[in-house]
Amino acid sequence: MDKPFQDTCCLVTGGSRGIGRSIVDSLIDHGAKVLCVARNANSIKYKENYYPYHYDLFQKNQIDSFLKQLSEDSHFPDIIIHNLGGSRQITSDFASIEDWLSVWHFNFGIVVHLNNYFIPKWIEKNVSGKLIHVSSSATKTFSGYTPYITAKAALNSYVKTIAYRYSKHGILINAISPGAVNLPDRYFNTLSKEEPNKLTHFLNDHVALKRLAEPEEIASVVLFLASRWSSYITGSIIEVDGGMY
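A. Inspection of the layout of surface pockets at higher detail. Volume-wise, the largest pocket comes out at about 1600 Å³. The set of elements that each furnish at least two residues to the lining of the largest pocket consists of α1 (18-29), β2 (33-38), α4 (138-141), α5 (146-166), α6 (187-194) and α7 (196-206). Residue composition of the lining of the largest pocket, grouped by class: 23 nonpolar, 18 polar and 7 charged. Considered as a void within the structure, the second largest pocket measures approximately 160 Å³ in volume. Looking at the lining of the second largest pocket residue by residue, the class counts come to 6 nonpolar, 3 polar and 3 charged.

B. Layout of the nonpolar core. Grouped together as the largest cluster of nonpolar side chains are 32 residues, with contacts concentrated most on Leu-57, Phe-66 and Leu-114. Per element, the largest residue contribution to this core is 8 residues, and it comes from helix α3 (residues 97-125). Ranked by size, the runner-up nonpolar core spans 31 residues in total, among them Leu-27, Ala-38, Ile-218 and Ala-219.

C. Quick look at the sheet that holds strand β1 (residues 9-13). Read from one edge of the open sheet, 7 strands run β3-β2-β1-β4-β5-β6-β7, paired in parallel fashion. Pairing within the sheet leaves two strands with one partner each, and these edge strands are β3 (50-54) and β7 (237-240). Each adjacent strand pair in this sheet contributes to an overall mean axis angle of 20 degrees, direction not counted. Pairing of strand β5 (residues 130-134) with strand β6 (residues 172-178), which is carried by 5 bridges, proceeds in the parallel orientation. In the strand pairing of β6, Val-134 is matched with Ile-176. Across the sheet, α1 is in contact with β1, β2, β3, β4 (79-82) and β6; its angle to β1 comes to roughly 170 degrees. Contacting β1, β2 and β3, helix α2 (residues 60-72) crosses the sheet at an angle of about 145 degrees to β3.

Conventions we followed
- Residues numbered from 1 in each chain as written.
- Predicted model: local features only at pLDDT ≥ 70, side-chain atom pairs only at ≥ 80, totals over all residues.
- Heavy atoms only, no water.
- 1 Å grid on protein atoms, 1.4 Å probe; cavity = no way out; pocket = protein on both sides within 12 Å on 5 of 7 lines; lining within 4 Å.
- Points joined across faces, edges and corners; volume = space filled by probe spheres on them.
- Helix = DSSP H or I, 4+ residues; strand = E, 2+ residues; numbered from the N terminus.
- Nonpolar A, V, L, I, M, F, W, Y, C, P; charged D, E, K, R; others polar.
- Core = buried A, V, L, I, M, F, W, Y, C linked by side-chain atoms within 4.5 Å.
- Buried < 20%, exposed > 50% of the residue type's maximum accessible area, 1.4 Å probe, protein only.
- Pairing = 2+ DSSP bridges.
- Axes fitted to C-alpha atoms, helices over the stretch in contact; angles between N-to-C directions.
- Contact = heavy atoms within 4.5 Å.

As structure tokens, then:
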């Protein structure tokens, strides 16, 4: 019971810092073999069960190179956590179509590329795999940058659609929707240092629990979805936002 993921191979994208790093830590602590693909994957040091892949998945040729390397290493995940994402600092509603597409690719296109590779292989090998996607509470609050919000909204619709279609193969597909998370050098963390009163007002006005989430609290929900205890959950977008309203 101490190592519920003892015979499990998990792939985590963007797992070198923030929420992704907490997900990697939690999985390894519970016995999983973790494949981490990130630009700084080599910055994490574990003695065992950790396999770093230093690739920039934003570049299509890098995705293909990563998948080729994974095959050559004979590593094949049965759980995939799509954590990679972000606004890419594209803030304007009137950004160029190239900028819009870059945000969509970063948050949604990479997911599709990887899933298009792994889902058919799971079906071929009769693997009851799990896909867990990290979305955002911004799709509910509509606060933030429009290109990012719409990319995550597309991700949510995608999750619900493919969850229904591939449930017959025993593949469970879900997403989590984090709220305001305390991450170093990110907006809320910076706000807590530079404008603490503004942060307090935001939390009091919009978050039932009146505090920021810690990345470990987001990782714990991912851990549950990756476990055997989530066997009757698919097509869900699970809010982990402290009761944000």
